[in-house]
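Results of the structural survey
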Amino acid sequence: GHQFATSACKISTSGTYVASGDTRGKLRVWALDHEDHLCKLDTQGLSSAIRDIAWDGESKRVAYAGERLDNSSICTNAIQWDTGVTQGQLYQHLKGKSCAIAFRPNRPFRIVTGGREDGKLHFHKGPPFQKIPIEGDKPCETAHSKPGVTCVRYSLDGELVASVGNDKVLYIYEGKDLELKCKKDGVHAGTIYACAWGSDNKSLITASADGTCKLFEIGAGGTSITEKHTWKVAEHMLGKPCDKVPRGGMQLGCAFVGGTTPVSVSTNNQIAVLPMPGSGKSIEILTGHNAPIGAIAFDHANGLFYTGDS
């Protein structure tokens, strides 16, 4: 249903709907559990690309972040998913650029947005949502030492928040007041593009431009960060060690499928299924075509089929 390239997509907590955004700021909410994927909301969310989307735990509200074309428009917003009515006013980032947003899954609701140029986190309460003023050292908005917050994510129980960015540091905050609990420096050799929590609320994975993904265990209350494992995804794709990570091997995104199986996606569009430590399995690469498939042939003797694209 998008007329331009899709730039963000998120399934609702209920699993019933999907909110998707494109590079021209169009936001669509459509049914996932209906074979016709009926569109429930089609609205102009931003004046430029939508970079990240988050649902609340009740699947009633959608928050999104991205970019604006002019000073009179916004780069972050929260709406009622079915009517498109704005839920308060989110604080805007420097130069109108944001690429990270997280919605606390349970009450009291909170929304965290991350700035692409200012490197700040803005913390909001609601609905209607408004910025929480700083008192003392919380909410901690300026933890990142270098501009560029690339990802911010709430744990599934809403107790902790993780943020990563260009400074190659992993930060853990308290979920209700965004108090900085701990951080780990030099997590990767390159920009950390994404992070994701497991269903146990203590496992956390990160994906980086250095071609690797890492698994961490977060202590109770976010008081400690322990590195558990490193997956060298780019080296596995090449089949050999590499001094410099090829551009296609950069790890752009990650998630826990079903809350337990870590996966990552690379700039070459390949998905890596990452085995948990001790499983005895190796990284599995899922790949597809970058152009329309024009031909298919079956090898019945060996139980294989081949596809060719344009």
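Reading guide: rules and limits
- Sequence order sets the numbering: in each chain, residues are counted from 1 along the sequence as written.
- Per-residue local features are limited, in this predicted model, to residues with pLDDT of at least 70; the limit for side-chain atom pairs, both in listing and counting, is 80 or more; totals at the level of whole chains, interfaces and linings are taken over all residues.
- Heavy atoms from the whole structure form the basis of all side-chain values; hydrogens and water molecules are not counted.
- Paired strands are those between which DSSP finds at least two bridges.
- Only runs of H or I of at least four residues qualify as helices and only runs of E of at least two qualify as strands under DSSP, and these elements are numbered from the N terminus.
- Axis lines are fitted through C-alpha atoms, for helices just across the contact stretch, and the angle between N-to-C directions can take any value from 0 to 180 degrees.
- Salt bridges are defined as contacts in which a side-chain nitrogen from Lys or Arg sits within 4 Å of a carboxyl oxygen from Asp or Glu.
- Only protein chains enter the calculation, and the probe is 1.4 Å; a residue is then buried if its accessible area is under 20% of its type maximum, exposed if over 50%, and partly exposed in between.

Pairing geometry for strand 24 (residues 293-299) and strand 25 (residues 304-309), over 6 bridges, is antiparallel. Within strand 25, the residue paired with Ala 297 across the bridge is Tyr 306. If you look at the hairpin formed by strand 24 and strand 25, you'll find 4 residues sitting between the two strands, and Gly 303 has a positive phi there, around 70°.

So, on to the sheet that holds strand 15 (residues 180-184). As summarised here, the arrangement of the 4 strands in space is 12-13-14-15, forming an open sheet in which the pairing is antiparallel. Where the open sheet ends on each side, the last strands, each with one partner, are strand 12 (149-154) and strand 15. Going from strand to strand, the sheet's axes swing by 20° on average, the running direction of each strand aside. Sheet analysis places strand 13 (residues 160-165) next to strand 14 (residues 170-174), joined by 4 bridges and oriented antiparallel. Along strand 14, the bridge assignment pairs Ser 163 with Tyr 171.

We now examine the sheet that holds strand 23 (residues 284-286). The 4 strands are arranged 20-21-22-23 in an open sheet whose pairing can be described as antiparallel. For this open sheet the edge positions go to strand 20 (251-257) and strand 23, each flanked by a neighbour on one side alone. Direction aside, neighbouring strands of the sheet carry axes that sit 25° apart on average. Relative to strand 21 (residues 261-266), strand 20 runs antiparallel, the two sharing 6 bridges. The partner of Ala 255 across the bridge, within strand 21, is Val 263.

Looking now at the pattern of salt bridges. With the rule as written, the count across this model stands at 14 salt bridges. With a closest N to O distance of 3.4 Å, Glu 58 and Arg 61 form a salt bridge. Overall, Arg 61 belongs to the buried group, its relative accessible area being 8%. A salt bridge links Lys 228 to Glu 217; the shortest N-O distance between them is 3.9 Å.

Going from Gly 126 to Pro 127, the amide bond is cis rather than trans, its omega being 0°. Cis geometry is adopted by the peptide bond preceding Pro 139, which originates at Lys 138 and carries an omega value of -5°. Looking at the secondary structure, you find Pro 139 in the loop between strand 11 (130-131) and strand 12. Its identity as a non-glycine residue notwithstanding, His 37 has a phi of 50°, on the positive side. Note that His 37 resides in the loop between strand 3 (26-31) and strand 4 (39-44). Residue Lys 95 is not a glycine yet carries a positive backbone phi of 60°. Note that Lys 95 resides in the loop between strand 7 (76-80) and strand 8 (98-103).

With 6 of its 6 residues buried, strand 8 lies for the most part within the structure. Relative to strand 9 (residues 110-115), strand 8 is paired through 5 bridges, and the arrangement is antiparallel. Bridged to Ile 101 within strand 9 is Thr 113. Hairpin geometry of strand 8 and strand 9 is characterised by an intervening segment of 6 residues between the two adjacent antiparallel strands.

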